[in-house]
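The chain contents come next:
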Amino acid sequence: MLELKNLTKKFDKRIILDGVNFSIDDGKILCIVGQSGAGKTTLLRCISGLERADAGEILVDGKKFDPVNTKNQDSVIGIVFQEFQLFPHLSALENIMLAPELVLKETKVQAKEQAQDLLEKLSLKDKADLYPYQLSGGQKQRLAIARALAMKPKILCYDEPTSALDPALRDAVKKIIVALKKDGITQIVVTHDMEFAKQIADKILKVEVLKK
Amino acid sequence: MNYILEILPSLLNGAKLTLEIFFWTLIGSLPLGLLVGLGLTSSFMPLRALLRFYVWLMRGTPLLLQLIFVFYGLPLIANGVFTLERYDAALFAFILNYTAYFAEIFRGGLQSIDQGQYESAKVLRLSYWQTIRKIITPQVIKIVLPSIGNEVINLVKDSSLVYVIGLGDLLRAGNIATSRDVTLTPLILVGIIYLILTAFCTYILQKLERHYSYWR
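Per an unreviewed UniProt entry, chain B goes by Polar amino acid ABC transporter permease and derives from Liquorilactobacillus oeni DSM 19972. Under the UniProt heading Subcellular location (unreviewed entry), the note attached to chain B is "Cell membrane". Comment text from UniProt for chain B, heading Sequence similarities (unreviewed entry), reads "Belongs to the binding-protein-dependent transport system permease family."

An unreviewed UniProt entry lists chain A under the name Polar amino acid ABC transporter ATP-binding protein, with Liquorilactobacillus oeni DSM 19972 as the source organism. Check the Sequence similarities (unreviewed entry) section of the UniProt entry for chain A; it says "Belongs to the ABC transporter superfamily."

The following block contains the structure:
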């Protein structure tokens, strides 16, 4: 279970997040919905340690968790970025294998086996040796998901997963998210797309633009 | 023809020194340049200021002056404690100078990498140096290769400046033969040898650029 208590984030004097509280049970899907500029992405960045919150705390399974300093901790948070941020100089397979090898110290054989399983699961099996520039938008997204999953995160976060995709692919993402839920993965989806959120979410958190 | 064969060994001997300086300068200044380039993009202000000053100093004064200063000047300042052999002094000055140029090139390359690449590496829990080694450096190399190539070609020719501290490089060997035998033939040969060296560099650089073209 992931809990946020009174999470606050300011940039200079501008308050972006003002005491956000929520909790999400294991294996559930939480959608964070709101207009652009409401701080959805900032919230995600605080949870994943890309920004340091100014106040409040994050608890994982009841224990205090500092996402900024994750040394010697299990992988807790994985992220699928809006722009995917795949590594352009590595093939699909290498994109997935890199972190398990370097960080989890898996052997090349282990990492490769796992990466191939993930590629198969996300229907990218025949794309293993292609480079990101050779993949379509939807394929890139699935590769980004596979790369995040390879680190075996407790919680997988998505930043605007539907924004770069055409409507047909929206359903494909939905299917993937729902399928991962069946595997017991906790997921947080940031989106401005209320319809999409309603279709997949167990719980919806609305964030609003703070008035001065 | 006989004359050419006669002077060729001394020219090739000079070319050997030219190549040594060229080679060791690259070995030293490329990695150092990357490090200084990283420092130039650092968020730690004093480090950035210090490195900017260094780059300004190295790019703002002639390499010839730097050579003279390292070889003749340093021993004077250090009261004879810090004296370098001619060859070491030359290498020292060249590496200092070229590191500055390479650092600026690497800085440009580093700044053109999307911040998201660092962030996605961070979320995958790669350490800073793992990120630099495995994610950033390969991408930067591809970006900076053409500019680095330019400097590499320059270095082949710049190495001729070592004559000023009395080192016998290719150009000096040619000069000696020319003034001794009163003929331009040695200098023509010197020109040809430089052309062969730069053609070789160009070829290697092309190969490297092609090697990095497997991704975009």
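S.K.: Looking at this model, I keep getting lost on the nonpolar core. Mind explaining?
M.R.: It is characteristic of soluble globular proteins that their nonpolar side chains tend to be buried jointly. Residue and element names in this part refer to chain B. Core analysis: the biggest nonpolar cluster contains 56 residues, and L11, F94 and L126 have the highest contact counts within it. A total of 10 residues in this core trace back to one element, the largest contributor, which is helix α6 (residues 128-158). Among all residues touching L11, those that are not within four sequence positions of it are L170, A173, G174, P186, L189, V190 and I193.

S.K.: What should I look at first to understand the packing of helix α2 (residues 45-60) of chain B against helix α4 (residues 86-111) of chain B in this one?
M.R.: Two measures define how a pair of helices packs: the angle their axes make with one another and the distance between the axes. Residues and elements named next belong to chain B. Packing of α2 against α4 brings their axes to within 9 Å, and their N-to-C directions diverge by 115 degrees. Where α2 crosses over α4, the two elements pack in a sense that is left-handed. Here Y54, V55, M58 and R59 of α2 lie close against α4, whose contacting residues are L96, N97, T99, A100, Y101 and E104. Tallied by class, the residues present in the contact of α2 with α4 amount to 6 nonpolar, 2 polar and 2 charged.

S.K.: Please explain the interface of chain B and chain A as it appears in this structure.
M.R.: In many reports, interface size means the accessible area that the parts give up when they come together. On the side of chain A, 27 residues touch chain B, which itself brings 19 residues to the contact. A buried area of about 2,200 Å², summed over both sides, lies between chain B and chain A, and 61% of it is on carbon and sulfur atoms. It is V123, L124 and R125 of chain B in chain B that bury the most area against chain A; as a group they hold 33% of the surface buried on that side. Put simply, R45 of chain A and E119 of chain B hold a salt bridge, and the shortest N to O gap is 2.7 Å. At the boundary of chain B with chain A, the tally comes to 9 residue pairs in polar contact (both at pLDDT 80 or more).

S.K.: I tried to follow the UniProt feature "transmembrane region" (unreviewed entry) in chain B on my own but got confused; where do I start?
M.R.: Taken from the UniProt record, the annotation "transmembrane region" (unreviewed entry) applies to residues 21-41, 53-77, 89-106 and 182-205 of chain B. Split by type, residues 89-106 of chain B is 100% helix and 0% strand. Its first and last C-alpha atoms lie 25 Å apart.

S.K.: Would you take a moment to explain the sheet that holds strand β3 (residues 29-33) of chain A for this structure?
M.R.: All names here are of chain A. If you walk across this open sheet you meet the 5 strands as β6-β7-β8-β3-β9, and the pairing is parallel. Either end of the sheet is taken by a strand with one partner, and the two such strands are β6 (77-80) and β9 (203-206). Going from strand to strand, the sheet's axes swing by 20 degrees on average, the running direction of each strand aside. Of the strand pairs in this sheet, β3 and β9 are connected by 4 bridges, and their pairing is parallel. The residue of β9 that forms the bridge with C31 is I204. Those strands touched by helix α1 (residues 40-47) are β3, β6, β7 (155-159), β8 (186-191) and β9, and its axis lies near 150 degrees from that of β8.

Quick notes on the rules
- Residues numbered from 1 in each chain as written.
- Chains lettered and ligands numbered in written order.
- Predicted model: local features only at pLDDT ≥ 70, side-chain atom pairs only at ≥ 80, totals over all residues.
- Heavy atoms only, no water.
- UniProt positions renumbered as here; feature names shortened; annotations may be inferred.
- Core = buried A, V, L, I, M, F, W, Y, C linked by side-chain atoms within 4.5 Å.
- Buried < 20%, exposed > 50% of the residue type's maximum accessible area, 1.4 Å probe, protein only.
- Helix = DSSP H or I, 4+ residues; strand = E, 2+ residues; numbered from the N terminus.
- Contact = heavy atoms within 4.5 Å.
- Axes fitted to C-alpha atoms, helices over the stretch in contact; angles between N-to-C directions.
- Left-handed = near helix turned anticlockwise from the far one by under 90°.
- Nonpolar A, V, L, I, M, F, W, Y, C, P; charged D, E, K, R; others polar.
- Buried area = accessible area lost by both parts, 1.4 Å probe.
- Salt bridge = Lys/Arg side-chain N within 4 Å of Asp/Glu carboxyl O.
- Polar contact = N/O pair within 3.5 Å; in protein donor to acceptor, adjacent residues only side chain to side chain.
- Pairing = 2+ DSSP bridges.

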